[in-house]
Amino acid sequence: MASAPVEQKVKAATSATFVVSLLIAVLNAVVADDSLLQPLPAWLQALLIPLVPAAITFLSGWKASHTPRGPVSGS
């Protein structure tokens, strides 16, 4: 099972999470203060920051197609 190919869904979700996390890190470094999310209450900011990458991961994994599999051999 270790030699099985990585499914497209996993690749899509991982890539999307990396890009969104990188974007959040860059925005945080560029802005370097809370003015980007300042209109939101602090509790909502704390909830929103980890939720965005998770939501992108879910949506990209859900949208990506399954990797085709060969016939299953019986044992």
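In what follows, the structure referred to is the one given above.
Starting from 1, residues in each chain are numbered consecutively following that chain's sequence as written. Local features are withheld for residues below a pLDDT of 70 in this predicted model, meaning they are given only at 70 or higher, and side-chain atom pairs are given and counted only at 80 or more; totals for whole chains, interfaces and linings count all residues. To obtain the side-chain values, all non-hydrogen atoms of the structure were included, while hydrogens and water were left out.

Strands here are runs of E lasting at least two residues and helices are runs of H or I lasting at least four, both read from the DSSP assignment and numbered beginning at the N terminus. When helices and strands are tallied, the protein chain shows two helices and zero strands. For the protein chain, buried positions account for 15% of its 75 residues. In this description, accessible areas are obtained by the Shrake-Rupley approach with a 1.4 Å probe, and a residue is regarded as covered only by the protein chains that are shown. Summing over all exposed atoms, the protein chain offers an accessible surface of approximately 6100 Å²; the carbon and sulfur share of this is 72%. Using a 1.4 Å probe on the protein chains alone, a residue whose accessible area is under 20% of its type maximum counts as buried, one over 50% counts as exposed, and one in between counts as partly exposed.

Here we take up the side chain of S60. Among the structural elements, S60 can be located in helix α2 (residues 42-63). Two residues qualify as a contact provided that any one of their heavy atoms is within 4.5 Å of a heavy atom in the partner residue. When neighbours within four sequence positions are excluded, S60 is seen to be in contact with A12, A13 and A16.

Function cannot be inferred from these measures alone, as they are strictly geometric.
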